[in-house]
Amino acid sequence: MQRFKLNLSVFLVILLIFSQFGSVTQAKKNSTADKPEAPVNLQIPKLAYDEDSITLVWEKPEDYSDIVDFNVYMNGKRVGSALKDNGGPAKAYIDNFYENIDKDDFHTDILIHNFTVENLKPNKSYDFYVTSVNEDGVESAPSEKIVGKTTAVPEVFNIVDYGATPDDETKDTKAIPAAIDAATPGSKVLIPEGQFISGELWLKSDMTLQVDGYLLGSPDAEDYSRNFWLYDYSTDERSYSLINAHTYDYGSLKNIRIVGNGIIDGNGWKKDKSHPTIDELGNELPRLAAGNNSKVTGNVQVENGKMSPLDLESESTLGILAASQSYAAQELGMDEKSAYSTRSSLITVRGVDGMYYEGITQLNPAFHGIVNLHSKNIVVNGTISKTYDANNADGYEFGD
């Protein structure tokens, strides 16, 4: 009887151990099942870093149905949430949409797959990983870890030091190129606060153009070179852009950044009579004249083989630089339609390996906005395009 009691006790202990083990195993299985999948392909895009910030991007996992956000970790410490703590020009509009427009929760909530880590120290390495987060706040396992490094503090070439003068009618077409020519590899050419006027500019490898002020394109056709052909098979001759990074030796130009909180204004068209448009947040948005090849120069006529004068002040003339360039081409003998194709775009990039745009606002191009041709490793990060309703004013183009 005593042996039976002992055997029963041993059996009960073993049963208890196995039942607890089974419970722990099942709990672990349930815990794993409740966790969302981890993000994949975490990386730092080409040139998406400077002396005090690094931008991360990643992809959502194959099963993302339960994911509502992503947490970002630096050196093992959480530094923010992609959805809640991220900045950028679209954030206020996204928040307003879900709060004030999508009131019945009809639309699927978006996921943001990027994060800019700021206030870092120069020339220093940092470890990063990202986790997925579900509606209950449960985090996934960490993504793969990557190491990012900020740059050293760059040498700055301020255009004012080379003769540029802000907030006047003087063109700075000599001063700004002088600063670019002087810039050393890895340095910044700074357009500071204030308005500066310029004709065409040419960038070179391993430089940053930082626009913190207002860069206004010259309204005069003679400040932009001609003989630019958009594609190899093009039949329409164009003028070069306000800003150019251009080579037919593809890849010989590399690592160029255009950044800043300023505005690059092509000075292409007049404002529309219904300007400005008010957006859903109550902000003013420019509305530009919707011109075409006949309206751009107004009432200009060809009489006895000569052009009547161009009057930019006339209400019938809708263009500014667009009008000047169209008029100049017609004076050289082009027909109205062909002359209209000679307008400048805002920025043209050709043959560049590594082109980075961040923060800038593009405004009012005479032709297209930012055109990227035969180039690779192009990154666009948090920029704004204000080109409505200007004719042909595509925001970004990627060709060939």
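Everything below is about the structure shown above.
Rules used throughout
Residues numbered from 1 in each chain as written. Predicted model: local features only at pLDDT ≥ 70, side-chain atom pairs only at ≥ 80, totals over all residues. Heavy atoms only, no water. Pairing = 2+ DSSP bridges. Helix = DSSP H or I, 4+ residues; strand = E, 2+ residues; numbered from the N terminus. Axes fitted to C-alpha atoms, helices over the stretch in contact; angles between N-to-C directions. Buried < 20%, exposed > 50% of the residue type's maximum accessible area, 1.4 Å probe, protein only. Core = buried A, V, L, I, M, F, W, Y, C linked by side-chain atoms within 4.5 Å. Contact = heavy atoms within 4.5 Å. Lys, Arg positive; Asp, Glu negative; His and termini not counted. Salt bridge = Lys/Arg side-chain N within 4 Å of Asp/Glu carboxyl O. Phe/Tyr/Trp six-rings, centres within 6.5 Å; stacked < 30°, edge-to-face > 60°. Lys NZ or Arg CZ within 6 Å of the ring centre and 35° of its normal. Polar contact = N/O pair within 3.5 Å; in protein donor to acceptor, adjacent residues only side chain to side chain.

### Side note on the sheet that holds strand β8 (residues 156–158)
So, step 1. Taken in spatial order, the six strands make up an open sheet running β8-β9-β12-β17-β24-β27, and their pairing is parallel. The sheet is open, and its two edges are formed by β8 and β27 (376–381), each paired on a single side. Neighbour-to-neighbour, the strand axes of this sheet turn through a mean angle of 15°, independent of strand direction.

### Thoughts on the pairing of strand β5 (residues 114–117)
So, step 1. Only one face of β5 is buried: it carries Phe115 and Val117, and the other face, with Asn114 and Thr116, is open.
So, step 2. Here four bridges tie strand β2 (residues 54–59) to β5, and the two strands are oriented antiparallel to one another. In the sheet register, isoleucine 54 faces β5, and the bridge partner there is valine 117.

### Side note on the pairing of strand β13 (residues 214–217)
So, step 1. As judged from the four bridges shared by strand β10 (residues 195–198) and β13, these two strands associate in the parallel manner. Bridged to glutamine 195 within β13 is tyrosine 214.

### Topic: the nonpolar core
Among soluble globular proteins, nonpolar side chains are generally buried collectively.
So, step 1. Among the nonpolar cores identified, the biggest contains 45 residues, and Val189, Leu203, Leu209, Ile243, Ile258, Ile264 and Ile347 are the most heavily contacted of them.
So, step 2. For this core, the secondary structure elements donating two or more residues are α3 (175–182), β9 (187–191), β12 (207–211), β16 (243–246), β17 (253–259), α4 (321–331), β23 (347–350) and β24 (352–358).
So, step 3. With four residues, the top contributor of residues to this core is α3.
So, step 4. For leucine 203, the residues in contact, after removing those within four places along its chain, are Ile180, Leu209, Ile243, Asn244, Ala245, Leu253, Ile256 and Ile258.

### A word on the sheet that holds strand β29 (residues 396–399)
So, step 1. Spatial strand order, β11-β16-β23-β26-β29: five strands in an open sheet with parallel pairing. Of all strands in the sheet, those with a lone pairing partner are β11 (201–202) and β29, marking the two edges.
So, step 2. Where β11 meets β16, two bridges bridge the pair, whose relative direction is parallel. Bridge pairing in β16 places leucine 201 opposite isoleucine 243.

### Observations regarding the side chain of aspartate 172
So, step 1. Examined against the element boundaries, aspartate 172 turns out to sit in the loop between β8 and α3.
So, step 2. No salt bridge forms around the buried aspartate 172; measuring N to O, its nearest opposite-charge neighbour lysine 171 is 11 Å away.
So, step 3. Leaving out residues up to four positions away in the same chain, aspartate 172 has contacts with Gly163, Ala164, Thr165, Pro177, Phe196, Ile197 and Ser198.

### Here we look at the packing of aromatic side chains
So, step 1. Across all of its chains, the model carries nine aromatic pairs by this definition.
So, step 2. Centre to centre, the rings of phenylalanine 228 and tyrosine 240 are 5.0 Å apart; their planes meet at 45°, and the pair counts as tilted. With phenylalanine 228 in strand β14 (residues 228–229) and tyrosine 240 in the loop between β15 (237–238) and β16, this pair connects stretches of sequence that are twelve residues apart.
So, step 3. Here the aromatic rings of tyrosine 357 and tyrosine 396 are separated by 5.6 Å at their centres, their planes lie at 70°, and the arrangement is edge-to-face. Here tyrosine 357, found in strand β24, pairs with tyrosine 396, found in strand β29; they are 39 residues apart in sequence, far enough to count as distant.
So, step 4. Here tyrosine 396 falls in the partly exposed class, since its relative accessible area comes to 22%.
So, step 5. An aromatic cluster is present here, built from Trp202, Phe228 and Tyr240 joined pairwise through their rings.
So, step 6. Directly above the ring of tyrosine 64 sits lysine 60, whose terminal nitrogen or CZ lies 3.9 Å from the centroid.

### Focus: the side chain of serine 344
So, step 1. By the element assignment, serine 344 lies in the loop between α5 (336–340) and β23.
So, step 2. Under the relative-accessibility criterion, serine 344 is labelled buried at 1%.
So, step 3. Side-chain polar atoms of serine 344 contact the backbone oxygen of tyrosine 240, separated by 2.6 Å.

### Some points on the environment of glutamate 358
So, step 1. Considering the arrangement of structural elements, one finds glutamate 358 in strand β24.
So, step 2. Remark: the alpha-carbon pair of glutamate 358 and alanine 323, spanning 35 residues in sequence, is separated by 30 Å.
So, step 3. Not counting residues within four places of it along the chain, the set of residues in contact with glutamate 358 comprises Ile258, Val259, Gly260, Asn381 and Thr383.

### Some details on unusual backbone geometry
So, step 1. Of note, the bond from histidine 275 into proline 276 is cis; its omega dihedral lies within 30 degrees of zero at -5°.
So, step 2. Tracing the sequence through the fold places proline 276 in the loop between β18 (263–265) and β19 (277–278).
So, step 3. Notably, asparagine 364 is not glycine yet its phi reads approximately 55°, a positive angle.
So, step 4. Tracing the backbone through its elements, the reader meets asparagine 364 in the loop between β25 (361–363) and β26 (370–373).
So, step 5. For asparagine 392, which is not glycine, the phi dihedral falls at a positive 70°.

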